[in-house]
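Residue-level structural notes
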Amino acid sequence: MSGAKRLDWVSRPAASLHGDVVVPGDKSVSHRSMMLSAIAEGTSHIRGFLEGEDTRATAAVLAQLGVSIEAPSEGERTVRGVGLHGLRGSDKPLDCGNAGTGMRLLTGLLAGQSFDSTLIGDESLSKRPMRRVTDPLAGMGAQIDTQDGLPPLRVHGSRPLHGIRYELPVASAQVKSALLLAGLYAEGSTEVIEPHPTRDYTERMLAAFGWPIVFSPGYAKLEGGHRLRATDVVVPADFSSAAFFLVAASIVPGSVLRLPSVGLNPRRTGLLEALRLMGADISIENQSQSGGEVIGDLIVRHAPLHGVELPETLVPDMIDEFPALFIAAAVAQGRTVVRGAAELRVKESDRIATMATGMRALGVRIEETPDGAIIDGGAIGAGAVDSHGDHRIAMSFAVAGLLAKGEVTIGDCANVATSFPGFMELANSCGFALS
Ligand code: S3P
């Protein structure tokens, strides 16, 4: 969050956690629903839209490009789509804030327009690698200038693009989605092959908006030259936000929490499996389908956890949940080993380094490796940590404070608002002692 005043938190030990915890809408689905509604023909209604800074930044960018977006109530948006070729260029930079998803997907969307755009972001986003999208987009005929691979990005309108067959070197839903969005504007077919399947929201939502697309886990193919038809979207609650409460209730004795209507797309629920491997007691009730996604209530009860060698195949399915998992590992009995997760180093912060530094400050035994960490479970001490402006690190250390020997002070927490506005109030409502 550029220019925001620094916000520090204190998390104190708590007794046990109880109650229903309704977490906000899914960030990934919210970004995509806004982008596809904007370039569809007709008016789309979105319910459950995440009122976070990241997703609001995406909405603001599309409004700047001429899309009318109304917010009749919290979590609701009415988007008057302008059609595939209806966006209008803006002379001013398009500010994606802290959002890697926003910037990378918009880069794909803007690459095939007839106008030039400049995409900027905050300090953290300005350090995140963009060649992973700009290189394959260049292969489709896009012209994008970077600052040595980093933002700001100058996206030159290049019409038409041409399709590509691209094998991703690293599993990334953002890269896949950027190419598919560019593929809407390309001649011929765009085909994306992943080394490991990642979240398929873009594929599912394109189909829901009427664009012909073939996809299966790890594979997607579409052709340019079709139209998107306005559709109503229901955004499920974000599993990645639920994750903090899954870990919190698992580790604090006597806790029972219910998290209603959480999105359970299998490409997102790796942490569920990881925690169960560690001995967690998490069940699913009231499973149903909503907007083409499986949702369900998660019921989590305290259970003694033990360390695990995390199967590498789970990594892409829990890529945003490692900070929370590291806290579970810190209090589990025995050793937890994480490998194959080098991507953590290029998230909102270097999540391996930031977590390791903070955990060591709290007396946890953790050894960093290039692509993961080795964590020996034990006690968490009191102390001060810095989240480096990374929302998920801040919330993970808030969870650590629940079981610590004293106060945990967490620096630089304002960016929690990027993905989880109201986290502190919600956490305190079920028993956290966070201020
Ligand atoms: C996201 C994909 C993931 C994830 C991010 C959201 C998405 O990033 O970490 O929070 O919505 O597509 P990568 O594609 O870089 O793995």
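Quick caveat, the model's predicted, so the values are computed rather than measured.

The rules behind each value
- Residues numbered from 1 in each chain as written.
- Predicted model: local features only at pLDDT ≥ 70, side-chain atom pairs only at ≥ 80, totals over all residues.
- Heavy atoms only, no water.
- Core = buried A, V, L, I, M, F, W, Y, C linked by side-chain atoms within 4.5 Å.
- Buried < 20%, exposed > 50% of the residue type's maximum accessible area, 1.4 Å probe, protein only.
- Contact = heavy atoms within 4.5 Å.
- Axes fitted to C-alpha atoms, helices over the stretch in contact; angles between N-to-C directions.
- Helix = DSSP H or I, 4+ residues; strand = E, 2+ residues; numbered from the N terminus.
- Parallel < 35°, antiparallel > 145°, perpendicular 65-115°, else oblique.
- Left-handed = near helix turned anticlockwise from the far one by under 90°.
- Nonpolar A, V, L, I, M, F, W, Y, C, P; charged D, E, K, R; others polar.
- Near = heavy atom within 4 Å.
- Polar contact = N/O pair within 3.5 Å; in protein donor to acceptor, adjacent residues only side chain to side chain.
- Areas by Shrake-Rupley, 256 points an atom, 1.4 Å probe, with all protein chains shown as cover.
- Expected span 1.5 Å × (residues − 1).
- UniProt positions renumbered as here; feature names shortened; annotations may be inferred.
- Salt bridge = Lys/Arg side-chain N within 4 Å of Asp/Glu carboxyl O.
- Domains from an automatic or database assignment.
- Buried area = accessible area lost by both parts, 1.4 Å probe.
- Pairing = 2+ DSSP bridges.
- Disulfide = S-S within 2.5 Å.

1. Description of the nonpolar core
Soluble globular proteins: nonpolar side chains tend toward being buried together. One finds Phe 245, Leu 259, Phe 322, Met 359, Phe 397, Phe 423 and Phe 432 to be the most contacted residues of the largest nonpolar core, which totals 81 residues. Sequence-distant contacts of Phe 397, defined by excluding residues within four places in its chain, comprise Ser 11, Ile 327, Thr 354, Met 355, Gly 358, Met 359, Leu 362, Val 385, Val 408 and Ile 410. Leu 84, Leu 119, Val 133 and Tyr 201 belong to the second-largest nonpolar core, a separate cluster that totals 61 residues.

2. Some details on the packing of helix H9 (residues 322–331) against helix H11 (residues 391–403)
At a closest axis distance of 8 Å, the pairing of H9 and H11 adopts a crossing angle of 20 degrees. The angle between H9 and H11 falls in the class roughly parallel. Our pair here, H9 against H11, has a crossing hand that is right-handed. Counted together, Pro 323, Ala 324, Ile 327 and Val 331 of H9 and Arg 392, Ile 393, Ser 396, Phe 397, Val 399, Ala 400 and Leu 403 of H11 form the full contact between these two elements. A per-class count over the contact of H9 with H11 returns 9 nonpolar, 1 polar and 1 charged.

3. A word on the site of the ligand
With respect to spatial proximity, the complete set of residues near the ligand consists of Lys 27, Ser 28, Arg 32, Thr 101, Arg 104, Ser 172, Ala 173, Gln 174, Arg 199, Ile 319, Asp 320 and Lys 347. Between the ligand and the protein, one listed contact pairs an oxygen atom with a side-chain N or O atom of Ser 28 at 2.7 Å. Between Lys 347 and the ligand, the recorded distance is 2.7 Å, taken from a side-chain N or O atom to an oxygen atom. For the ligand, the accessible surface in isolation is 390 Å², of which the surrounding protein chains cover 94%. At the level of elements, helix H1 (27–38), helix H3 (100–111) and helix H5 (173–183) are the ones that each hand at least two residues to the shell around the ligand.

4. Here's the deal with H3
Relative to the 16 Å expected for 12 residues at 1.5 Å per residue, H3 spans 16 Å between its end C-alpha atoms, a close match to the ideal helical length. Of all 12 residues making up H3, 12 are buried, and the element is well covered by its neighbours. Taken residue by residue, H3 has Gly 100, Thr 101, Gly 102, Met 103, Arg 104, Leu 105, Leu 106, Thr 107, Gly 108, Leu 109, Leu 110 and Ala 111 as its buried positions.

5. A few points about the UniProt feature "binding site: 3-phosphoshikimate" (unreviewed entry) in the chain
As annotated in UniProt, the feature "binding site: 3-phosphoshikimate" (unreviewed entry) corresponds to Lys 27, Ser 28, Arg 32, Ser 172, Gln 174, Asp 320 and Lys 347 in the numbering used here. Within the element layout of this structure, Lys 27 appears in helix H1. Its relative accessible area of 8% is what places Lys 27 among the buried residues. Apart from residues no more than four positions distant in its own chain, Lys 27 is found in contact with Leu 50, Asp 54, Thr 55, Asp 238, Glu 348, His 391, Arg 392, Thr 418 and Ser 419. Looking at the secondary structure, you find Asp 320 in the loop between strand E19 (293–301) and H9. Those residues in contact with Asp 320 that sit more than four places away from it in its chain are Arg 199, Ser 240, Lys 347, Arg 351 and Arg 392.

6. With respect to the pattern of salt bridges
Side chains that differ in charge, positive against negative, can pair when their charged atoms come close. Enumeration according to the criterion identifies 32 salt bridges in this entry. One salt bridge connects Glu 51 with Arg 56, and the closest N-O pair in it is separated by 2.9 Å. Here Arg 56 falls in the partly exposed class, since its relative accessible area comes to 45%. Where Glu 348 meets Arg 128, a salt bridge forms, and the shortest distance between an N and an O atom there is 3.8 Å. Taken together, the residues span a long stretch of sequence, with Glu 348 in the loop between strand E20 (335–338) and helix H10 (351–361) and Arg 128 in the loop between strand E7 (117–120) and helix H4 (131–139) at a distance of 220 residues. Beyond isolated ion pairs, a larger network of salt bridges with shared partners links Arg 128, Arg 199, Asp 320, Glu 348, Arg 351, Asp 390 and Arg 392.

7. Things to note about the domain arrangement of the chain
Taken domain by domain, the chain consists of domain 1 (9–25 + 236–434) and domain 2 (27–234). Taking only C-alpha atoms into account, the centre of domain 1 sits 29 Å from that of domain 2. Listed as interface residues are 26 residues of domain 1 and, on the opposing side, 25 residues of domain 2. By the criterion of area lost to domain 2, the three top residues of domain 1 are Arg 267, Glu 348 and Thr 418, representing 24% of everything that side buries. Run the count over domain 1 and domain 2 and you get 4 salt bridges. Between Glu 343 and Arg 132 there is a salt bridge whose closest N-O contact spans 2.8 Å. Here the residues of the side of domain 1 that touches domain 2 are counted per class, giving 7 nonpolar, 9 polar and 10 charged.

8. Focus: the side chain of Asn 415
By secondary structure assignment, the location of Asn 415 is in the loop between strand E24 (408–411) and helix H12 (423–429). A polar contact of 2.8 Å, which involves the side chain of Asn 415, links it to the backbone oxygen of Gly 389.

9. Some points on the sheet that holds strand E8 (residues 143–147)
Taken in spatial order, the 4 strands line up as E6-E7-E9-E8 in an open sheet, and their pairing is mixed. Edge positions in the sheet fall to strand E6 (94–95) and E8, since each has one partner strand and no second. When E6 meets E7, the two strands line up parallel, connected through 2 bridges. Looking at E7, one finds that Asp 95 is bridged to Ile 120. Here H3 sits on the sheet in contact with E6, E7, E8 and strand E9 (150–156), set at roughly 15 degrees to E9.

10. Quick notes on the UniProt feature "domain: Enolpyruvate transferase" (unreviewed entry) in the chain
Feature annotation in UniProt assigns "domain: Enolpyruvate transferase" (unreviewed entry) to the following positions: residues 14–425. Secondary structure across residues 14–425 comprises 30% helix and 27% strand; the distance between its end C-alpha atoms is 15 Å.

11. Remarks on the state of the cysteines
Evaluated as defined, the whole model comprises 0 disulfides. A disulfide-free cysteine, Cys 430 has its sulfur positioned 17 Å from the sulfur of Cys 413, the nearest such atom.

12. A word on the pairing of strand E13 (residues 189–193)
Of all 5 residues making up E13, 4 are buried, and the element is well covered by its neighbours. Bridge count for E13 against strand E15 (residues 219–223) is 5 bridges, and the pairing is antiparallel. Opposite Ile 193, over in E15, you have Tyr 219 as the bridge partner.

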